[in-house]
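# Notes for the structure review
Listed here are the chains, written in short residue letters.
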Amino acid sequence: MATSTDTQEQSSDGPLQRWTQSAIQDPEKVYRALFYAAMVFFLVTTLFPFYWLIVLAVTPEGNLLSGSFLPTVNLFGVSGTFPLPVPKGFNPGAFVTVFEQVPFHLYMLNSFALAVTTTVIVLFVASLAGYVFGRLRFPGRALLMLGILAISYFPPAAFVIPLFQAFAGNAPITIPFTSIPLFTPPRLLNTPGSMVLPFSALFMPLSIFILTTFYGQIPDGLEDAARVEGTTRLGALFRVIMPLSAPGVATAAVLTFIAVYNEYFFSSIMATSPEAAKWSPIVGGILSYQTQYTTQFNLMAAASIVGVLPVVILVIVAQERIVSGLTSGALKE
Amino acid sequence: MARVRLEHVTKRYDDQGDVVTAVDDMNLDIAHGEFICFVGPSGCGKSTTMETIAGLTIPTEGEIYIGDREVTNLPPKDRGIAMVFQNIALFPHMDVYDNISFGLRLRDYPQDEIDRRVERAADIVQLEGMLNRMPEEMSGGQRQRVAIARAIVREPDVFLMDEPLANLDAKLKVHMRTELQRLHKELDTTIIYVTHDQEEAMTLSDRIAVLDSGQLQQIDPPLTCYNEPDNLFVAGFIGSPSMNFVEGTVTETTLETPNFSLEFNPSSIEGVGVGDNVTLGIRPEDIYPGDLQSEVPDPSGMITATTDILEPMGDEIFAYLLLGDGETSMSQELATNDQLLMSIDPDSDLEEDEELGVVIDRRNVHLFDSATGEAIVHDLIPYEAEGTASSSEVESDD
């Protein structure tokens, strides 16, 4: 390697030393190298599972369990194992079978409807809260905000049993440690209510936090101007403050949407069985390709890919807003 | 008819246990069509007073009337006011047309009416052809005019302007000032204007309300505030550069100050007794170099002084004069006993560090009670004066 360098000035140095030299003179080079290394790492770790899903999805069911996904290749007499899994056969029909075997589109619709409803509720309520926390001064504000954040750190599992009991609707809620009944809640299991309510509560603190930061940065003068021009405080919030905080609102919306769209834990419990009619979400649908005796991995993979598409589209569309929302809240007047 | 009345308006803030009184028992009666300026140093309560009129702040006590209605607790939108803000506060996500028509659209005006009014407002502030621009594409002066157009398009009863020219450069400021005056003539509405710039207040307003520490100090036409200030604060605040203040004591025939004395007759002035401590207020233009003594109607005796620093302004020169032993006092006290500021003719060949005699026009010496700061008299007429013309000017306040 170092043999061909004698024409150069630093002929005694090896390539590593030369690279080090130039890196010291031009540190940007190192940062660039590190950036690419990190990029490649993240790309591989995020994209490889997708690739693996595609490989699984197009492999015919019969071939799934026989042989290896890493084929042996014979190239110019040298034989070895190809380092990347490739499909064993080609069966794009799996993407159609997915919908034939199980009403997967209904599961997607469930997830979508739950996510949209939750997002709307969260944005509306968190906007009100964000306005109060971001723009008003009142005693106990910091304490209340802290309380909201503290509650958001509770593990969701802590809420499951009491909520399930409540939503089952067959026993009255009692005052803690007594048997004095307060009220009997309606039966909400297997309805969107039993999912949208806890989702909204769980994802609210994050949105409140994001929107508080954004709404707090809108200059007071703009709100005053809107109020003098003829809006109420609420009108000013929705006509001026919210549009000006669009990156923040988009960030909160997308994060909430994705979180609910991917949610499984609560919905798998609140929908007593993974049926579309019981508002079971996408993951419930995917799991129904698994029966007592068979597991159709190819269909599960295909369903996963189909299920993730709406989110991919959403992120691509909203990408610019999210990035600017996550990285900067700066707003010029 | 939009007469604006404030009755005993008080605004107190509770700042972590400390009660801060931003506006203290303010009483104002502003006539329809009047252009009134609230002026005072920062923190004097002028903006808070305006906010209570706008409805952005609810006063702790007192009532506010606009026209015949009591509006004390009404939200801003129901008060028939429009406001121009110091930071302009255009909605950045709307173009000029949407900004101007915002209030009209909220009130569900028919589209052709909105178009007509926006057109006219844009015409008044000379913004034709810019209705589709976004605020960020405009210069400071243009934005300011959009803000004014947004205010006039609603044809409000009262205009509130909170330091609307504060963020503009000097040249634009003067230009916008004349435009505002033209606007006031054209619209015939009540305008309440907040500024900390006394020059702006002097040139624009019908009456000036001078505020300090939340209290109304004086409300009078600009020249009255200038010539007959009610107290030390108004005297020092109105006029640039500000009035010279010198501490003095009244004797039988003179006013004694540490470095000079002025002859006068205490008995001719109501409210002055021998032995009283008073503060003299002398405007820079009422001090003359000694060689002009004959031209001054009621000159004082010659006072010896040394020039310290000269500030040529073009149309006049400000000369800082040191009195007595020539020590510069750097005190922050209101009264600077050893220093006087004199305004002289630009052609004068005065040099720095030059010794000279100066005279003071006694007709324009203001006297204030040192203890209370209240004005006693605005012209000091000498005892021997044959002053037939000047005797009628003797006036005592409150």
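Please read these numbers as outputs of a predicted model, since none were measured by experiment.

A pair of packed helices is characterised by two quantities: the angle between their axes and the separation of those axes. All names here are of chain A. Helix α9 (residues 233-244) packs onto helix α8 (residues 220-229) with a crossing angle of 120 degrees between their chain directions and a minimal axis gap of 9 Å. It follows from the interaxial angle that α8 and α9 lie oblique. α9 is crossed by α8, and the crossing has right-handed handedness. Residues Leu 222, Glu 223, Ala 226 and Arg 227 of α8 pack against Arg 233, Gly 235, Ala 236, Arg 239, Val 240 and Ile 241 of α9. Within the contact of α8 with α9, the residues separate by chemical class into five nonpolar, one polar and four charged.

Residue and element names in this part refer to chain B. Taken together, the six strands give an open sheet; going across it, the order is β13-β12-β11-β14-β20-β21, and neighbouring strands pair in antiparallel fashion. Edge positions in the sheet fall to β13 (261-263) and β21 (375-377), since each of these pairs with one other strand and no more. Averaged over all pairs of adjacent strands, the angle between their axes in this sheet comes to 40 degrees, without regard to strand direction. Relative to strand β20 (residues 365-369), strand β14 (residues 277-282) runs antiparallel, the two sharing five bridges. From the neighbouring strand, Val 278 faces β20, where its bridge partner is Asp 369.

Residue and element names in this part refer to chain B. As assigned here, chain B comprises domain 1 (4-231) and domain 2 (241-391). Between the C-alpha centres of domain 1 and domain 2 there is a distance of 39 Å. Between domain 1 and domain 2, the contact holds five residues from the first and six residues from the second. Here the residues of the side of domain 1 that touches domain 2 sort into one nonpolar, two polar and two charged.

A few words on the nonpolar core. B:Ala149, B:Leu160 and B:Ile192 are the most contacted members of the largest nonpolar core, which totals 149 residues. Tallying contributions element by element places helix α7 (residues 192-217) of chain A first for this core, with 11 residues. Setting aside residues up to four positions removed in sequence, B:Ile192 forms contacts with B:Val4, B:Ile30, B:Ile36, B:Phe38, B:Met50, B:Ile53, B:Val158, B:Phe159 and B:Leu160. Among the nonpolar cores identified, the runner-up in size contains 19 residues, and A:Ala57, A:Ala94, A:Ala301 and A:Ala302 belong to it.

Before going further, it helps to examine α7(A). The first and last C-alpha atoms of α7(A) sit 35 Å apart over 26 residues, in line with the 38 Å expected at 1.5 Å per residue. Helix geometry: α7(A) is bent most strongly at A:Met204, by close to 40 degrees, with proline A:Pro205 lying one to four residues after it.

So, on to the domain arrangement of chain A. According to the domain assignment, chain A contains domain 1 (15-73 + 80-92) and domain 2 (95-327). A class-by-class count of the residues in the side of domain 1 of chain A that touches domain 2 of chain A yields six nonpolar, one polar and one charged.

Turning our eyes to something else, we now look at the UniProt feature "domain: ABC transporter" (unreviewed entry) in chain B. Mapped onto the present numbering, the UniProt feature "domain: ABC transporter" (unreviewed entry) falls at residues 4-238 of chain B. Within residues 4-238 of chain B, the helical portion is 36% and the strand portion 28%, while the C-alpha atoms at the span's ends are 24 Å from each other.

Turning to the pairing of strand β2 (residues 78-81) of chain A, a few remarks are in order. Residues and elements named next belong to chain A. Direction of pairing for strand β1 (residues 72-75) relative to β2: antiparallel, over a ladder of four bridges. Residue pairing in the sheet places Thr 72 in a bridge with Thr 81 of β2. Turn length for the β1-β2 hairpin, with the two strands adjacent in sequence and antiparallel, is two residues, and the turn residue Phe 76 shows positive phi of about 50 degrees.

Contact residues are listed per partner, giving 15 residues for chain A and 18 residues for chain B. Breaking the side of chain A that touches chain B down by element, the ones donating at least two residues are α8 and α9 of chain A. Looking at the side of chain A that touches chain B element by element, the count peaks at seven residues for α8(A). Grouping the constituent residues of the side of chain A that touches chain B by class yields seven nonpolar, four polar and four charged.

Summarising the sheet, strand β9 (residues 207-212) of chain B and strand β10 (residues 215-220) of chain B pair through five bridges and their orientation is antiparallel. Residue pairing for β10(B): B:Asp212 is matched across the bridge by B:Gln215.

This part is about the sheet that holds strand β8 (residues 190-195) of chain B. All names here are of chain B. Taken in spatial order, the six strands of this open sheet run β6-β7-β8-β3-β9-β10, and their pairing is mixed. Both outer strands of the open sheet, β6 (81-84) and β10, are each paired with one neighbouring strand and no more. Pairwise comparison of adjacent strand axes, ignoring direction, gives a mean angle of 20 degrees for this sheet. Pairing analysis gives four bridges linking strand β3 (residues 35-39) to β9, with the strands arranged parallel. In the strand pairing of β9, Phe 38 is matched with Ala 209. Across the sheet, helix α4 (residues 140-152) touches β6 and β7 (158-162), and the angle it forms with β6 is around 175 degrees.

What counts, and at which threshold
Residues numbered from 1 in each chain as written. Chains lettered and ligands numbered in written order. Predicted model: local features only at pLDDT ≥ 70, side-chain atom pairs only at ≥ 80, totals over all residues. Axes fitted to C-alpha atoms, helices over the stretch in contact; angles between N-to-C directions. Helix = DSSP H or I, 4+ residues; strand = E, 2+ residues; numbered from the N terminus. Parallel < 35°, antiparallel > 145°, perpendicular 65-115°, else oblique. Left-handed = near helix turned anticlockwise from the far one by under 90°. Contact = placed C-beta atoms within 7 Å. Nonpolar A, V, L, I, M, F, W, Y, C, P; charged D, E, K, R; others polar. Pairing = 2+ DSSP bridges. Domains from an automatic or database assignment. Core = buried A, V, L, I, M, F, W, Y, C linked by C-beta atoms within 7 Å. Buried ≥ 20, exposed ≤ 12 C-beta atoms within 10 Å, placed from the backbone. Expected span 1.5 Å × (residues − 1). Bend = angle between axes of the 7 residues up to and from the residue. UniProt positions renumbered as here; feature names shortened; annotations may be inferred.

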